[in-house]
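Report on the structure
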Amino acid sequence: MPIWLEAGLWGLAGASSLVIGAALASLVNLPVRVITGIMAFGCGVLISAIAYDLIMEGFQSAGIQPIVLGAIAGSVAYTVANWLVSRSGGHYRKRSGGQQRNTSEGGGLAIAIGSLLDGIPESIVLGVGLLGGGGVSVPMFAAIFLSNLPEGLSSAAGMLKSGRSKTYIFGLWGGIAVASGLAALLGAALLGDAPPAILAMVNAVAAGALLTMVADTMIPEAVEGERGGTGFLVVIGLLVAFALSHGMDEGGESSSRGTTPSERAI
């Protein structure tokens, strides 16, 4: 199977949890604390994957300059784009309460654009990660899947409370999942011959955007709904992802010591 096609399928799989979350929201009336608790855990997993799978591995392959420049560029780009989307109601995209009733008729489009803004950097990372020949990173995929699940849950729950139809909701999230798969496909196809420094910078851009997204949208929503346990769940998520990434032997030492990044991927 061509790498670009494999990347597209992994991107689609990672974004599929948006649809799964929307399905859960339509079938079960989950408490807000459960939804935001999953979101907090996903934040920890995502932070770990950003730090070790994107920042650290990029630094090891290309040095500090591409990492710093890329992360700052990604953060600035996400901040500006998120501000533009939020002005139209997109800042409600992760809300599980009745806040989405306050959006204008264009709010649904703003939510879709905002969700794409969150998902495209994640998907590109999956596509680029396959270019090293070692397969997709388990922690990175887990982080993307777990961070998308509560977004699908909370946003779909909010849309249902605001009166949007299930057809609209599943069409929205299904379209975003397909677009995320295409982003992963294009990332692998366009950067197949790129040198390590370029790949490191692309990953750093995504890392800056993702970390800004976690701080600006995911953690505030988790804190608002969880009411006390957010920090603990973030720490647990980070530790689980770290253990998954590095492995633990019986003596408690990292079993991945001395291995390459590709050897830690599937």
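A brief report on the enclosed structure follows. (Residues numbered from 1 in each chain as written. Predicted model: local features only at pLDDT ≥ 70, side-chain atom pairs only at ≥ 80, totals over all residues. Heavy atoms only, no water.)

Some remarks on the overall build of the protein
A count of helical and extended segments in the protein gives eight helices and zero strands. Within the protein, the fraction of its 266 residues that count as buried is 47%. Contacts in the protein between residues far apart in sequence, at least 24 positions, make up 83% of those at least 6 positions apart. Of the roughly 11,700 Å² that the protein leaves accessible, carbon and sulfur atoms contribute 68%. (Helix = DSSP H or I, 4+ residues; strand = E, 2+ residues; numbered from the N terminus. Buried < 20%, exposed > 50% of the residue type's maximum accessible area, 1.4 Å probe, protein only. Contact = heavy atoms within 4.5 Å. Areas by Shrake-Rupley, 256 points an atom, 1.4 Å probe, with all protein chains shown as cover.)

Some thoughts on the nonpolar core
L46, L54, M140 and M218 are the most contacted members of the largest nonpolar core, which has 30 residues in total. Sorting the residues of this core by element identifies α2 (32–62), α4 (107–129), α5 (138–161), α7 (196–226) and α8 (230–246) as the ones contributing at least two each. Residues within four places of L54 in sequence aside, it is in contact with A49, V125, M140, N203, A207 and L210. The next biggest cluster of nonpolar side chains, apart from the first, holds 15 residues, and it includes L149, L153, A157 and A177. (Core = buried A, V, L, I, M, F, W, Y, C linked by side-chain atoms within 4.5 Å.)

Let's talk about α8
For α8, built from 17 residues, the straight-helix expectation of 24 Å at 1.5 Å per residue is met to within 8% by its first-to-last C-alpha distance of 24 Å. Within α8, burial applies to T230, V234, G237, A241, S245 and H246. On an axial view of α8, the arc spanned by its buried residues comes to 145°, and they lie on one face. (Expected span 1.5 Å × (residues − 1). Arc of directions from axis to C-beta.)

A closer look at the packing of aromatic side chains
To describe a pair of aromatic rings, one takes the distance between the centres and the angle between the planes. Summed over the entire model, instances satisfying the criterion amount to three aromatic pairs. Seen in terms of ring centroids, W10 and F141 are 5.1 Å apart; in terms of plane orientation they differ by 75°. Their pairing is edge-to-face. Pair noted here: W10 is in helix α1 (residues 3–27) and F141 is in helix α5, with a separation of 131 residues, a long-range link. W10 gets classed as partly exposed once you look at its relative accessible area, which sits at 24%. An aromatic cluster of at least three residues, connected via ring pairs, comprises W10, F141 and F145. (Phe/Tyr/Trp six-rings, centres within 6.5 Å; stacked < 30°, edge-to-face > 60°.)

Observations concerning the side chain of S123
Positionally, S123 belongs in helix α4. Taking relative accessible area as the criterion, S123 reaches 3% and is therefore assigned buried.

Observations regarding α1
Since there are 3.6 residues in each turn of an α-helix, residues three or four apart along the chain are aligned in direction. Over its 25 residues, α1 runs 36 Å from end to end, which matches the ideal 36 Å to within 8%, given 1.5 Å per residue. Where α1 bends most, at G14, the angle is about 30°. Where α1 is concerned, the buried positions are A7, G8, G11, G14, A15, S17, L18, G21, A22, A25 and S26. (Bend = angle between axes of the 7 residues up to and from the residue.)

Focus on a nonpolar patch on the surface
Taken together, the side chains of Y52, M56, F59, I64, V68, I72, V76, V80, W83 and L84 make up a nonpolar region of the molecular surface, amounting to roughly 930 Å² of accessible area. Within the residue set of the nonpolar patch, elements represented by two or more residues are α2 and α3 (64–86). The dominant element in the nonpolar patch, judged by the number of residues it contributes, is α3, at seven residues. Mapped onto the secondary structure, M56 falls in helix α2. (Patch = residues over 30% accessible without salt bridge, like charges linked within 9 Å, V, L, I, M, F, W, Y side chains within 5 Å. Salt bridge = Lys/Arg side-chain N within 4 Å of Asp/Glu carboxyl O.)

Details of the environment of I47
Relative to the helices and strands, I47 resides in helix α2. Separated by 164 residues in the primary sequence, I47 and L211 place their C-alpha atoms 6.9 Å from one another. Setting aside its immediate chain neighbours within four residues, I47 contacts L211, V214, V234 and L238.

Re the side chain of N148
Take N148: it is sitting in helix α5. Overall, the relative accessible area of 5% leaves N148 in the buried class. Other than its neighbours up to four places away in sequence, N148 contacts G14, A15, S17, L18 and E122.

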